[in-house]
Number of protein chains: 2
Amino acid sequence: MKISKYPPKEDLKLRWEKVQTFMKEAGADACIASTNVNIYYLTGKIFAGYVYLPSEGEPIEFVQRPNSLEGERIIPIRKPEDIPALLSGKGYQLPSVFLLEADQITYNEYLRLEKALAPGTASNATPVLRKARMTKTPWEIEQLRISGTRHAEAYKSIPSLFRSGMRDIEFQYEIEWVMRQNGSLGIFRTFGHQMEIFMGSLLAGKNAATPSSYDFALGGGGMSACLPIGASGDIIEKGQSIMIDMAGNFTAYMTDMTRVYSYGTLPDKAYRAHEASIQMHNRLLETAKPGTECAEIYNWSLEMAEEAGFAANFMGTVQQAKFTGHGVGLEINEPPVLMGRSKDTLQPGMTIAFEPKFVLPDIGAVGIENTFLITENGIEKITVFEENIMKLE
Amino acid sequence: MKISKYPPKEDLKLRWEKVQTFMKEAGADACIASTNVNIYYLTGKIFAGYVYLPSEGEPIEFVQRPNSLEGERIIPIRKPEDIPALLSGKGYQLPSVFLLEADQITYNEYLRLEKALAPGTASNATPVLRKARMTKTPWEIEQLRISGTRHAEAYKSIPSLFRSGMRDIEFQYEIEWVMRQNGSLGIFRTFGHQMEIFMGSLLAGKNAATPSSYDFALGGGGMSACLPIGASGDIIEKGQSIMIDMAGNFTAYMTDMTRVYSYGTLPDKAYRAHEASIQMHNRLLETAKPGTECAEIYNWSLEMAEEAGFAANFMGTVQQAKFTGHGVGLEINEPPVLMGRSKDTLQPGMTIAFEPKFVLPDIGAVGIENTFLITENGIEKITVFEENIMKLE
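Residues numbered from 1 in each chain as written. Chains lettered and ligands numbered in written order. Predicted model: local features only at pLDDT ≥ 70, side-chain atom pairs only at ≥ 80, totals over all residues. Heavy atoms only, no water.

1. Things to note about the relation of the copies chain A and chain B
Move 1: Once turned by 180° and shifted 0.0 Å along the axis, chain A lies on chain B with an RMSD of 0.0 Å. Both copies are brought into coincidence by an operation consistent with a two-fold rotation axis.
Move 2: When the interface residues of chain A are mapped onto chain B, 100% of them again lie at the interface, so the same face is used by both copies. (Least-squares fit on C-alpha atoms with pLDDT ≥ 70 in both. Contact = heavy atoms within 4.5 Å.)

2. Some words on the packing of helix α2 (residues 36-43) of chain B against helix α5 (residues 126-134) of chain B
Residues and elements named next belong to chain B.
Move 1: Two elements in contact, α2 and α5, have axes whose closest approach is 12 Å; the angle formed by their N-to-C orientations is 50°. On the basis of the axis angle, α2 is oblique to α5. As α2 packs across α5, the resulting crossing turns out to be left-handed. In this structure, α2 uses V37, N38, Y41 and L42 to contact α5, whose residues at the interface are L129, A132 and R133. (Axes fitted to C-alpha atoms, helices over the stretch in contact; angles between N-to-C directions. Helix = DSSP H or I, 4+ residues; strand = E, 2+ residues; numbered from the N terminus. Parallel < 35°, antiparallel > 145°, perpendicular 65-115°, else oblique. Left-handed = near helix turned anticlockwise from the far one by under 90°.)

3. With respect to helix α6 (residues 138-156) of chain A
Move 1: The first and last C-alpha atoms of α6(A) sit 28 Å apart over 19 residues, in line with the 27 Å expected at 1.5 Å per residue.
Move 2: Turning to α6(A), its buried residues number three or more, namely A:W139, A:E140, A:I141, A:Q143, A:L144, A:S147, A:G148, A:H151, A:A152, A:A154 and A:Y155. (Expected span 1.5 Å × (residues − 1). Buried < 20%, exposed > 50% of the residue type's maximum accessible area, 1.4 Å probe, protein only.)

4. Observations regarding the side chain of A:T251
Move 1: Topologically, A:T251 is positioned in the loop between β8 (241-248) and β9 (255-263).
Move 2: Reaching out from A:T251, the side chain makes a polar contact with the backbone oxygen of A:Y253 at a distance of 3.0 Å. (Polar contact = N/O pair within 3.5 Å; in protein donor to acceptor, adjacent residues only side chain to side chain.)

5. Notes on the interface of chain A and chain B
Move 1: Taken together, the contact between chain A and chain B spans 65 residues of the former and 65 residues of the latter.
Move 2: The junction of chain A with chain B conceals about 5700 Å² of combined surface from both sides, 54% of it contributed by carbon and sulfur atoms.
Move 3: At the surface where chain A touches chain B, the tally comes to 6 salt bridges.
Move 4: Residues A:E196 and B:R189 are paired through a salt bridge, measuring 2.7 Å at the closest nitrogen-oxygen approach.
Move 5: Counting across the chain A and chain B interface gives 34 residue pairs in polar contact (both at pLDDT 80 or more).
Move 6: Of the residues forming the side of chain A that touches chain B, the biggest block, 8 residues, is contributed by helix α8 (residues 168-181) of chain A. (Buried area = accessible area lost by both parts, 1.4 Å probe. Salt bridge = Lys/Arg side-chain N within 4 Å of Asp/Glu carboxyl O.)

6. Looking at the packing of aromatic side chains
Move 1: Throughout the structure, instances matching the rule amount to 22 aromatic pairs over all chains.
Move 2: Arranged with centres 3.4 Å apart and planes meeting at 15°, the rings of A:Y107 and B:Y110 form a pair that is stacked. One end of the pair, A:Y107, is in helix α4 (residues 107-116); the other, B:Y110, is in helix α4 (residues 107-116), on a second chain.
Move 3: Assessed through its relative accessible area of 3%, B:Y110 is described here as buried.
Move 4: Here the guanidinium or amino end of A:R130 rests over the ring plane of A:F191, the centre of that ring lying 3.6 Å away. (Phe/Tyr/Trp six-rings, centres within 6.5 Å; stacked < 30°, edge-to-face > 60°. Lys NZ or Arg CZ within 6 Å of the ring centre and 35° of its normal.)

7. A short note on the packing of helix α1 (residues 9-25) of chain B against α2(B)
All names here are of chain B.
Move 1: Close contact between α1 and α2 brings their axes to 7 Å; oriented N to C, the two are set at 120°. Taken together, α1 and α2 sit at an angle that is classed as oblique. In this structure, α1 uses L12, R15, W16, K18 and V19 to contact α2, whose residues at the interface are Y40, Y41, L42 and T43.
Move 2: Class assignment for the residues of the contact of α1 with α2 results in 6 nonpolar, 1 polar and 2 charged. (Nonpolar A, V, L, I, M, F, W, Y, C, P; charged D, E, K, R; others polar.)

8. A look at the nonpolar core
Move 1: Core analysis: the largest hydrophobic core is formed by 104 residues, its most contacted members being A:V19, A:Y40, A:L42, B:V19, B:Y40 and B:L42.
Move 2: When sequence neighbours within four positions are dropped, the list of residues in contact with A:L42 reads A:L12, A:W16, A:V19, A:A33, A:V51, A:L53, A:P59 and A:L129.
Move 3: Counting residues in each nonpolar core, the second largest holds 52 residues, with A:M179, A:M390, B:L202 and B:L392 among its members. (Core = buried A, V, L, I, M, F, W, Y, C linked by side-chain atoms within 4.5 Å.)

9. Observations regarding the confidence of the model for chain A
Move 1: Confidence along chain A averages 96 in pLDDT terms, with 99% of residues attaining 70 or more.
Move 2: Interface confidence for the predicted complex, given as ipTM, is 0.96, next to a pTM of 0.97. (pLDDT = per-residue confidence, 0-100.)

10. Let's talk about the sheet that holds strand β2 (residues 48-54) of chain A
All names here are of chain A.
Move 1: As summarised here, the arrangement of the 6 strands in space is β4-β3-β2-β1-β5-β6, forming an open sheet in which the pairing is mixed. Each edge of the open sheet is held by one strand with a lone partner, namely β4 (74-76) and β6 (121-124). Each strand axis lies, on average, 25° off the axis of its neighbour in the sheet, ignoring direction.
Move 2: Taken together, the 3 bridges between strand β3 (residues 60-65) and β4 define a ladder with parallel strand orientation. Paired with E61 across the strands is I74, a residue of β4. (Pairing = 2+ DSSP bridges.)

Now the structure itself:
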């Protein structure tokens, strides 16, 4: 029943070494992580406290909670001000330059840590950790493959959950239940405190065109002004498309996969736009490899949308997202971003979601999303499942 | 089907005036909010951008997304650096002292806003906004009452969802589904980036004693090392208690309510400990009123736990939480906190969750949690539902 185990130490070592390489490039002696996602990345577990990773050797875990954690490199701690004395007690020299998660922890948390570690100088850990996390280790890739397999397995049940006369939100409740039954952990981790969503999104009919408050590809009005995203409570009508984009959080590492269903038959243009998205996925599979520029992928997506005659519907209508894909992992929005101004190139071990989507007002959204792994020589799809529009009766 | 509407403007005005009062006490001319929760509090909606509330008058909404928002006081904006020019354009004088959410936005977000509004001086908006949000307006109280009613309604179905031989997590999946069917929005907002949970917690048997990485009252091992909280996947055995503590997020304003079920009959001490918790709730109902010290409530809870002979089981065993309650609202952990070192007193309009709980290793957790509203003269329970241990067969 347990979905994810602890990563082996060799795998954690690969991560530490990556962080240490980038840390040294940034001129730092140590990196201090205190957000759940980075603590999990560096230790394979979640605790309240601080991970102290020096530029050489293994990290020290300063743990506030739970009080049950024990180990040679685990040190109970009450407050960050105790870090220097505890480090000295372990024979460590205090860092001259240390990294703090400046794009993740609050202003006051940062100031408190900065003061605690003075007279050393603080710099930003976030780009260093995000860069390390951008390419995945073997264990991380295995976790993503498990998520991808379970994600596809769960989607198989979707047609059996639909009933005529259903509201979009009722359909979503059933899909959530199936996702959980298949082992979804439910939690949806995002980078940045402004990205809120519950398990994923289902967009049917005209609701698909509602522009988003969030930085997701598409929007939807949602059920409440306090969470304006996804299903809006409208009854699903014949001739509408239903786009399903649930998070594949079956392990700590999330896959992203979107599929489209139709209630009855759709107008012809919906199939044409959907086919354009599938063609983009095929082009990605045929051409992407280490060294491919992320901006290039975005640019030819835009060109293909235009050639297909759906430029005005691509990635939204009244508000169009300026990306067609993004890295995935512990968070749903990791680097690289497939966008025009990206300077990243694909590297082996990256896992990216590609989501060229179209919004057709009054019909709904069409197009698919898959998660891919960049390999040594090319690219591999890890969310393998029927890609055509699937008919619901 | 839509659960929450927009608050009326008179209700928003009450909020602005509260914030403005505390803002002036803090010597500030303006408050800038950019977190979802505070944007929602000040405007009744969620958008990406900034709310600028001057110390007199109405706020201005600087909106990045969605591009569909329109209104006299809504100004589209691309980046925070544009705020001063846009303010001047509206005839506003730039603030000498302005407040930023220093305990909520990241270090780099804070620095960027601080620089954009220089030469004004920045100070902390978080305590000001949290203090304003601590007492609720009439519309907010109405939303909490709706959540409380629906919360109780959803819990009624729980016994019908249980089947012998079930794993704790399977029971939880069914309860989540019922919560959603009853209109739960799913999203669980917490203050502080370290508090993670999915919809709520179900603790059965010995898993209840697993200490938490998080600052919730109780823990549980969870299903994955990446989310160590709640149900652990074990089969529910006869003679175990099942504590159910799901978030009452049926509106933007969450109620907190815990109830206990038993599979078969429990050892006698479980009923005695549970009764001690009910007695504490009765004492709270009889004695609490505006002016009551939060620390006093915590202190007599501890004394009553000791008198009942369960001091070692109160709020955990190997790790004991140092609070017995907390404010609730847009976030599940708002001020005041019912703890020994609190200096807060109860005030009319506060909504607090009281959760004196006991962990009995091998049996599970017992005790209840209710959400209360502090009225002009006393206190009122807004999560009204059977409080004794309910038997599952």
